[in-house]
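Here is what each chain is made of, one letter per residue.
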Amino acid sequence: MSQVNAAADQVQQQQVYLEAMGIQRWLPRRAIAAAPAPAAWVAEFVWPPAAGDEASQPLSVARASVATETPVMPSAERQRSRQDALASLKLDDSLSVSGATHKVEPKIPAAEVDTQVAETPVEQPQRFLDPAFSLVFVPAGDLLLIDSLPPHAREAVNPAYRKLLSGVCRALGSAAQLDAMRLHHWPVFAGSSLNQGGEEAQRAVRRQLEVMFKAYPARRILLLGEPAAQWLLEQDQPLEAMRGLTFSLRTGVTTVVSYSITHMLKLPEFKADCWQDLQTLL
């Protein structure tokens, strides 16, 4: 009996931790767009359980319920906790810079200051400031999936990653060609004499996209993670501002943005959000 109580305490501690991060441990009761209707027994899995309803809950849920139930977070606080949890993963932090706008002042010789008209300062995109990212290009029939990896995380493409990536492509009616997967890391080389700046990084991404399009013509593009969305769409908007929207990298090619595979592996709750984002591509 002591082992059962210890297991219940452990489940309760896990629930409190996940709830603080804004993650639902149990199956959501809301219907997911374009998904099959859930079985009737799904409604029994509720957290926290309704008052006086503990006897009807599955054993694992009933054991986790204690005298003091975990309070349900307000929606605004849950969203903040969710954003904090997303940021804490540090998967897409290659572009995390201060909010101040970086400006490059034109260098004018001192003798010409009085004679030249003042030039407008050149404003660089945020992503051009110390760029460091890793992308993976995966063809899948008429679909091209471009995912964001942690910068230079060469071990991130493990069996679990490949399985989920294949599942995402399969949900879109395509089969991932894992043997044709191409990794794109930036910076590519180390050295102060090499141009590793933002403009060169943008040109490198464009070249890689053209290479993939020539070899694997696509009608649909799925950009996963903030670096993929920002560098392929050439936008500095955060991921949450672009998720689920429809873009066009070129004529006749539908492009959609969602969470990265790595994010979905770390926080499974994001899988349902990704499924909703993908509806445009179905």
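About the criteria used
Residues numbered from 1 in each chain as written. Predicted model: local features only at pLDDT ≥ 70, side-chain atom pairs only at ≥ 80, totals over all residues. Heavy atoms only, no water. Helix = DSSP H or I, 4+ residues; strand = E, 2+ residues; numbered from the N terminus. Contact = heavy atoms within 4.5 Å. Pairing = 2+ DSSP bridges. Axes fitted to C-alpha atoms, helices over the stretch in contact; angles between N-to-C directions. Buried < 20%, exposed > 50% of the residue type's maximum accessible area, 1.4 Å probe, protein only. Expected span 1.5 Å × (residues − 1). Core = buried A, V, L, I, M, F, W, Y, C linked by side-chain atoms within 4.5 Å. Phe/Tyr/Trp six-rings, centres within 6.5 Å; stacked < 30°, edge-to-face > 60°. Lys NZ or Arg CZ within 6 Å of the ring centre and 35° of its normal. Salt bridge = Lys/Arg side-chain N within 4 Å of Asp/Glu carboxyl O. Polar contact = N/O pair within 3.5 Å; in protein donor to acceptor, adjacent residues only side chain to side chain.

*Asks:* Sorry if this is basic, but what is going on with the overall build of the protein here?
*Replies:* Regarding its fold elements, the protein presents 9 helices and 8 strands. Within the protein, contacts between residues separated by at least 24 positions form 64% of all contacts whose residues are at least 6 apart in sequence.

*Asks:* So what exactly am I meant to see when it comes to the sheet that holds strand β6 (residues 220–224) here?
*Replies:* Sheet strands pair via backbone hydrogen bonds, and the direction of the pair is either parallel or antiparallel. Pairing is mixed across the open sheet formed by 6 strands, whose spatial order is β5-β3-β4-β6-β8-β7. Because the sheet does not close on itself, it has two edges, and the strands there are β5 (182–186) and β7 (246–248). Strand-to-strand twist of the sheet, defined as the mean angle between neighbouring strand axes without regard to direction, takes the value 25 degrees. Pairing of strand β4 (residues 143–149) with β6 involves 5 bridges; the strand directions are parallel. From the neighbouring strand, Leu-144 faces β6, where its bridge partner is Ile-221. Those strands touched by helix α6 (residues 226–233) are β3 (133–140), β4, β6, β7 and β8 (254–258), and its axis lies near 120 degrees from that of β4.

*Asks:* Explain unusual backbone geometry here, please?
*Replies:* In terms of backbone geometry, most residues other than glycine have negative phi values and most peptide bonds are trans. Across the junction of Trp-186 and Pro-187, the peptide omega takes the value 0 degrees, indicating a cis bond. Within the secondary structure, Pro-187 is located in the loop between β5 and α5 (198–215). The phi angle at Asp-130 is positive, at roughly 50 degrees, despite the residue not being glycine. Note on placement: Asp-130 falls in the loop between β2 (122–123) and β3. The exposed category is assigned to Asp-130, whose relative accessible area is 68%. At Glu-234, a position not held by glycine, the phi torsion is positive, near 55 degrees. Topologically, Glu-234 is positioned in the loop between α6 and α7 (239–242).

*Asks:* Explanation requested: α5 in the structure shown.
*Replies:* Since the α-helix advances by 3.6 residues per turn, residues separated by three or four positions end up pointing in the same direction. Taking 1.5 Å of rise per residue, the 18 residues of α5 would be expected to cover 26 Å, and the 26 Å separating its terminal C-alpha atoms lies within 8% of that figure. All of the buried residues in α5 are Gly-198, Glu-200, Ala-201, Gln-202, Ala-204, Val-205, Gln-208, Leu-209, Met-212 and Phe-213. As for α5, its buried residues are in contact with β3, β4, β5, β6 and α6.

*Asks:* I'm lost on the nonpolar core in this one. Help?
*Replies:* Taken as a class, soluble globular proteins show a tendency for nonpolar side chains to be buried jointly. Judged by nonpolar contacts, the single largest core of 51 residues is most densely connected at Leu-135, Leu-145, Ile-146, Leu-222, Leu-223, Ile-261 and Met-264. When sequence neighbours within four positions are dropped, the list of residues in contact with Leu-223 reads Ile-146, Ala-228, Ala-229, Leu-232, Leu-233, Thr-255, Val-256, Val-257 and Ser-258.

*Asks:* Looking at this structure, how should I read the packing of aromatic side chains?
*Replies:* Each pair of aromatic rings is reported with the distance of its centres and the angle of its planes. Enumeration according to the criterion identifies 3 aromatic pairs in this entry. Arranged with centres 5.9 Å apart and planes meeting at 15 degrees, the rings of Phe-128 and Trp-231 form a pair that is stacked. In this pair, Phe-128 is assigned in the loop between β2 and β3 and Trp-231 in helix α6, connecting sequence segments 103 residues apart. Both residues of the pair, Phe-128 and Trp-231, belong to the buried class. For the pair Tyr-259 and Phe-270, a centre-to-centre distance of 4.2 Å together with 15 degrees between the ring planes defines the contact as stacked. With Tyr-259 in the loop between β8 and α8 (261–266) and Phe-270 in helix α9 (residues 270–277), this pair connects stretches of sequence that are 11 residues apart. Accessibility assignment for this pair places Tyr-259 and Phe-270 in one class, buried. Three or more aromatic residues joined by ring pairs form one cluster here, namely Phe-128, Phe-133 and Trp-231. Positioned above the aromatic ring of Trp-231 is the side chain of Arg-127, whose terminal nitrogen or guanidinium carbon lies 5.5 Å from the ring centre. Between Arg-250 and the ring centre of Phe-213, over which it is positioned, the NZ or CZ distance is 4.0 Å.

*Asks:* Hey, could you run me through the pattern of salt bridges in this one?
*Replies:* Pairing is possible between side chains that carry opposite charge, provided their charged atoms lie close to one another. Under the criterion given, the structure shown has 8 salt bridges. Taking the shortest distance from any N to any O, the salt bridge between Arg-203 and Glu-200 comes out at 2.9 Å. Taken together, the residues Arg-203 and Glu-200, both in helix α5 and 3 residues apart, mark about one turn of the helix. Judged by its relative accessible area of 34%, Arg-203 falls in the partly exposed class. Residues Arg-243 and Asp-277 are paired through a salt bridge, measuring 2.8 Å at the closest nitrogen-oxygen approach. Residue Arg-243 is found in the loop between α7 and β7, and its partner Asp-277 is found in helix α9; the two are separated by 34 residues along the sequence. Taking relative accessible area as the criterion, Asp-277 reaches 7% and is therefore assigned buried. One network of salt bridges, with partners in common, ties together Glu-200, Arg-203 and Arg-207.

*Asks:* Sorry, what's going on with the side chain of Asp-277 here?
*Replies:* For Asp-277, the side chain forms a polar contact with the side chain of Arg-243, separated by 2.8 Å. Asp-277 has contacts with Arg-243, Gly-244, Val-256, Val-257 and Ser-258, leaving out every residue within four places of it along the chain.

Geometric values such as these leave the question of function open.
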